[in-house]
Amino acid sequence: MLSLRRTVLSSALLFALQLLPSTYANSAPNTLATEPTATVVQAQTQQNQDALTYANYTEVSVSHVELALAVDFKQNRLSGEAILDLAWHKAGKELILDTRDLTINSVSALNTTGKWQSLPFTLAKADAVKGAALTIKLADEDTQKVKINYHTSNNPSGIQWLTPEQTQGKQLPFMFSQSQAIHARSWIPLQDTPAVRQTYSATITADKAITVVMSADRKTLSSTQTQFTMPQAIPAYLIAIAAGHLKFAPLDNISGIWAEPEILDKASKEFADTPEMIKIAAKRYGDYRWGRYDLLILPPSFPFGGMENPRLSFITPTVIAGDKSLVSLIAHELAHSWSGNLVTNATWRDLWLNEGFTTYVENRIMEDLYGRDRALMEQTIGYSELLTELAELTPGDSVLHVDLGKRSPDEAFSGVPYVKGQLFLLFLEQKFGRERFDAFVKNYFNHFAFQSITTAQFREYLSLNLLNKYPNVVSEAEVDTWIEGQGLPSFLVQPNSHAFDDVDAQRQTWLDGKLNASELKTNTWTVHQWLRFINEMPRVNLDQTKLAELDKAFHFTGTGNSEIAFAWYSLALDNGYYAVLPALKQHLTHIGRMRLIVPLYQKLASTDQYDWAKSVYLKARSGYHPQTQVSLDMMFADKPLEHEHSH
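Keep in mind the model is a prediction, meaning the values are calculated, not measured. (Residues numbered from 1 in each chain as written. Predicted model: local features only at pLDDT ≥ 70, side-chain atom pairs only at ≥ 80, totals over all residues. Heavy atoms only, no water.)

(A) Expanded view of the overall build of the protein chain. A count of helical and extended segments in the protein chain gives 19 helices and 22 strands. Projected onto the principal axes, the alpha-carbon positions of the protein chain cover approximately 85 × 65 × 50 Å. For the protein chain, with 647 residues in total, the buried portion stands at 61%. Total accessible area on the protein chain stands at roughly 24,100 Å², and carbon and sulfur atoms take up 51% of it. For the protein chain, the centre of its 57 positive side-chain charges and the centre of its 69 negative side-chain charges are spaced 2 Å apart. (Helix = DSSP H or I, 4+ residues; strand = E, 2+ residues; numbered from the N terminus. Buried < 20%, exposed > 50% of the residue type's maximum accessible area, 1.4 Å probe, protein only. Areas by Shrake-Rupley, 256 points an atom, 1.4 Å probe, with all protein chains shown as cover. Lys, Arg positive; Asp, Glu negative; His and termini not counted. Charge placed at Lys NZ, Arg CZ, Asp CG, Glu CD.)

See below:
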């Protein structure tokens with residue numbers, strides 16, 4: 001997922017143990033029929049302890065989820081049943097699952113005679129972060145299937161329901177999920193930890209005017225029922241669903257665009273390079289193993305840039321700029337097909353294994369497709385944003401292998417796992433050379449394919465296959481500084497794009513009063529150069545007339561490019577230039593992407609514009625995703641706000 005950033009070695013015995021299940025991944029050909037199943041990878045669970053789940057997954061783990069759900073737009077809820085296939089690691093008669101705000105109607109198990117037998121269960125008191133544990137008492141040891149009949153709340157943390165008026169076409173309602181990090185438990189009772197991987201299938205019932213899509217193979221059964229199958233084992237956070245007025249346009253034989261009709265053509269043109277991105281990534285990092293790669297363009301309320309749900313990445317419309325200037329987000333979500341979906345962080349402490357690798361791979365895709373200059377500009381911008389963020393983070397949260405304690409894993413999604421993780425991998429690339437490092441990364445993806453791993457497992461693999469193989473290049477102490485140290489290492493070589501030299505020079509010339517804004521030579525500037533121009537401006541005491549001059553010359557206020565708009569409004573608010581407020585209100589009201597609105601609310605809430613900001617938020621709140629609401633409710637909590645869910 002593209003986040004709010006744009007976002008002690010283990011023993012030899014441990015390494016030997018983790019080698020056992022990976023033998024399959026190394027030897028299997030790249031075909032769907034022979035990919036590892038959930039039961040193969042479950043052998044790792046005992047070493048991947050996740051503190052953010054109630055599930056007793058070291059004793060028994062879910063190998064398959066079968067869903068039969070109805071989409072109810074009148075009550076804004078999903079209802080039906082989930083059948084869980086169980087893989088036992090030790091004999092037992094208890095199953096503990098994760099839930100959040102679910103109503104459990106009944107639980108039953110398939111007994112030895114092949115009949116469903118009712119079971120007793122308890123739903124514990126809810127914890128603000130983890131939700132409520134569902135404990136099921138089983139009649140028999142080694143029970144193979146459990147069925148849970150349930151329904152969601154009308155505002156679960158992992159689902160957003162939109163009225164027709166909140167969509168592009170304004171004709172039909174819309175619903176979509178956002179399961180990462182631990183929000184799958186808000187719409188499915190399961191083991192909501194990345195340490196457990198399962199296959200899944202689903203039969204979804206909805207009104208005949210509604211099109212349903214999921215992160216799985218899709219088959220239409222009737223005008224009201226759609227069937228889905230995901231044959232590869234994935235963690236719970238990658239189970240995804242959306243429903244609304246959707247149409248499809250192919251890009252090639254394995255990729256295409258799902259979107260509301262009103263935006264389908266624009267999206268298809270903007271993301272036309274997606275098939276080439278797939279080819280580039282597969283050539284460099286190994287075959288694409290997920291069958292299809294489609295994009296779902298969501299309504300503007302989607303809280304993130306993108307979400308890497310396998311076979312169907314969820315994408316914000318705010319990256320449709322008309323000039324492909326923001327398509328690095330597509331490269332990022334595609335890169336997750338290797339780093340994250342194929343090789344997954346086993347706990348949310350290990351998030352950098354997903355996002356650092358993905359940001360690195362994303363940038364390599366962009367370089368291969370659009371050239372070194374663009375890739376280096378994007379590296380430089382990311383580094384600059386990270387420096388700004390590090391100045392605001394507590395020292396403990398600047399560690400790659402972050403200790404979350406009892407906090408929500410959503411708080412791990414800063415620029416640290418993304419950009420610091422990328423910078424660490426760039427450091428290794430620079431030290432060992434691209435040829436060696438490319439081979440290492442490709443082998444890493446293949447070795448751990450369809451597994452969830454920890455930072456300790458990565459470090460053992462790194463030591464054995466890079467550090468020890470090519471001695472005296474990078475030390476264990478340097479690796480430890482990157483992974484366990486606070487901030488950035490003193491020996492970091494920072495990225496620097498010479499494409500910004502002219503931008504920096506012209507900005508300074510203008511700041512010195514030697515040229516008017518209208519005299520600056522900007523005709524050839526790319527979006528990345530404009531972002532550099534704005535982002536490196538003085539953050540305080542920039543004269544109001546100077547800001548007005550910039551605005552008159554370049555029409556930043558009201559721009560249709562969401563990234564430039566965010567950069568400009570941030571600069572304006574930092575310098576008290578409130579002429580932007582009318583346009584800023586439109587920006588805050590019409591999109592819900594947290595990266596583009598939450599920092600602006602934060603700036604406003606710390607000034608005498610607090611009341612104005614709160615009034616805008618209260619009007620816009622119903623159109624924001626539940627996860628966005630939670631973040632902003634706390635910001636404007638001087639007076640009680642209505643909370644419709646406990647998370």
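(B) Spotlight on helix 10 (residues 455–467). Between the first and last C-alpha of helix 10 there are merely 16 Å, a value that for 13 residues lags more than 12% behind the 18 Å anticipated at 1.5 Å per step. Counting buried positions over the 13 residues of helix 10 gives 10, a clear majority of the element. (Expected span 1.5 Å × (residues − 1).)

(C) Spatial organisation of the sheet that holds strand 20 (residues 312–315). Within the open sheet, the five strands sit side by side as 16-17-18-20-19. Their pairing is mixed. Among the strands making up the open sheet, the edge pair consists of strand 16 (247–250) and strand 19 (306–307). (Pairing = 2+ DSSP bridges.)

(D) View of unusual backbone geometry. At the junction of Gln180 and Ala181, the peptide bond is cis and its omega measures out at 5° in the coordinates. Relative to the assigned elements, Ala181 resides in the loop between strand 10 (174–177) and strand 11 (197–205). A positive phi angle, close to 55°, is found at Asp142, a residue other than glycine. Tracing the backbone through its elements, the reader meets Asp142 in the loop between strand 7 (132–137) and strand 8 (145–151). The phi dihedral of Asn472 falls on the positive side, at around 65°, and the residue is not glycine.

(E) Spotlight on the confidence of the model for the protein chain. In this model, the protein chain carries a mean pLDDT of 91, and residues with pLDDT of at least 70 account for 91%. For residues 3–47, every residue scores under 50 in pLDDT, and the model assigns this stretch 111 contacts once sequence neighbours within four places are set aside. Below a pLDDT of 50 lies the segment residues 640–647, which in the model reaches 25 contacts outside its immediate sequence neighbourhood of four places, other chains included. (pLDDT = per-residue confidence, 0-100. Contact = heavy atoms within 4.5 Å.)

(F) Here's a closer look at the layout of surface pockets. Approximately 810 Å³ is the volume attributed to the second largest pocket. Around the second largest pocket sit 33 residues that line it, and Pro300, Thr318, Gln586, His590 and Ile591 are the ones nearest its centre. Those elements that place two or more of their residues in the lining of the second largest pocket are helix 3 (261–270), helix 15 (562–574), helix 16 (581–590) and helix 18 (610–620). No other element matches helix 16, which puts five residues into the lining of the second largest pocket. In terms of residue class, the lining of the second largest pocket is built from 12 nonpolar, 16 polar and five charged. (1 Å grid on protein atoms, 1.4 Å probe; cavity = no way out; pocket = protein on both sides within 12 Å on 5 of 7 lines; lining within 4 Å. Points joined across faces, edges and corners; volume = space filled by probe spheres on them. Nonpolar A, V, L, I, M, F, W, Y, C, P; charged D, E, K, R; others polar.)

(G) View of the pattern of salt bridges. All chains considered together, the criterion is met by 27 salt bridges. The salt bridge partner of Arg372 is Glu367, with a shortest N-O separation of 3.2 Å. The exposure class of Arg372 is partly exposed, given its relative accessible area of 42%. When the shortest N-O distance is used, the salt bridge between Glu367 and Arg434 registers 2.8 Å. You can see Glu367 sitting in helix 6 (residues 351–370) and its partner Arg434 sitting in helix 9 (residues 434–447), a full 67 residues away along the chain. For Glu367, a relative accessible area of 14% translates into the label buried. Salt bridges sharing partners connect three or more residues here, namely Arg284, Arg364, Glu367, Asp368, Arg372, Glu429, Arg434 and Asp438. (Salt bridge = Lys/Arg side-chain N within 4 Å of Asp/Glu carboxyl O.)

(H) Up close: empty space enclosed by the protein. Considered as a void within the structure, the largest cavity measures approximately 80 Å³ in volume. Along its surface, the largest cavity is lined by Arg349, Leu351, Trp352, Asp397, Val399, Leu400, Val402, Glu411, Ala412, Ser414, Val416 and Pro417. Among the secondary structure elements, those contributing two or more residues to the lining of the largest cavity are helix 6 and helix 8 (415–432). Residue composition of the lining of the largest cavity, grouped by class: eight nonpolar, one polar and three charged.

(I) Representation of the side chain of Ser414. The residue Ser414 is located in the loop between helix 7 (372–390) and helix 8 in this model. For Ser414, the side chain forms a polar contact with the main-chain nitrogen of Val416, separated by 3.1 Å. (Polar contact = N/O pair within 3.5 Å; in protein donor to acceptor, adjacent residues only side chain to side chain.)

(J) Geometry of the packing of aromatic side chains. Summed over all chains, the structure comprises 45 aromatic pairs. Summarising the aromatic geometry, the rings of Trp482 and Phe491 are spaced 6.4 Å apart at their centres and angled 75° between planes, so their arrangement reads as edge-to-face. Here Trp482 falls in the buried class, since its relative accessible area comes to 0%. Given the relative accessible area of 28%, Phe491 is considered partly exposed. The ring of Tyr54 has Lys130 lying over it, and the distance from NZ or CZ to the ring centre is 4.4 Å. Sitting over the ring of Tyr370, Arg374 keeps its end group 4.6 Å from the ring centre. (Phe/Tyr/Trp six-rings, centres within 6.5 Å; stacked < 30°, edge-to-face > 60°. Lys NZ or Arg CZ within 6 Å of the ring centre and 35° of its normal.)

(K) The pairing of strand 1 (residues 60–72), seen in detail. Sheet analysis places strand 1 next to strand 2 (residues 77–88), joined by 12 bridges and oriented antiparallel. If you follow Asp72 over to strand 2, its bridge partner there is Arg77. Taken together, strand 1 and the strand that follows it, strand 2, pair antiparallel across an intervening segment of four residues, in which Asn76 is found at a positive phi of about 50°. In this sheet, strand 11 lies alongside strand 1 in parallel orientation, the contact comprising seven bridges. Looking at the pairing, Ala68 lines up with Thr203 of strand 11.

(L) Local environment of the environment of Phe357. Positionally, Phe357 belongs in helix 6. Take Phe357: its relative accessible area is 0%, and that puts it in the buried class. Along the backbone, Phe357 and Phe491 are 134 residues apart, and their C-alpha atoms lie at a distance of 20 Å. Non-local contacts of Phe357, meaning those with residues more than four positions away in its chain, are made with Ser339, Trp352, Leu425, Val441, Tyr444, Phe445 and Phe458.

(M) Here's a closer look at the sheet that holds strand 7. Spatially, the three strands line up as an open sheet ordered 3-7-6, and their pairing is antiparallel. Edge strands, defined here as strands with exactly one partner in the open sheet, are strand 3 (94–99) and strand 6 (121–123). Taking the axes of each pair of neighbouring strands and ignoring which way they run, one obtains an average angle of 15° across the sheet. (Axes fitted to C-alpha atoms, helices over the stretch in contact; angles between N-to-C directions.)

(N) Region of the structure containing the packing of helix 6 against helix 9. Helix 9 packs onto helix 6 with a crossing angle of 130° between their chain directions and a minimal axis gap of 13 Å. As the angle between them shows, helix 6 and helix 9 are arranged oblique. Two packed elements cross with a definite hand, and for helix 6 against helix 9 that hand is left-handed. Facing Leu353, Phe357, Tyr360, Val361, Arg364 and Glu367 of helix 6, the residues of helix 9 in contact are Arg434, Phe437, Asp438, Val441, Tyr444 and Phe445. Classifying every residue of the contact of helix 6 with helix 9 gives eight nonpolar, no polar and four charged. (Parallel < 35°, antiparallel > 145°, perpendicular 65-115°, else oblique. Left-handed = near helix turned anticlockwise from the far one by under 90°.)

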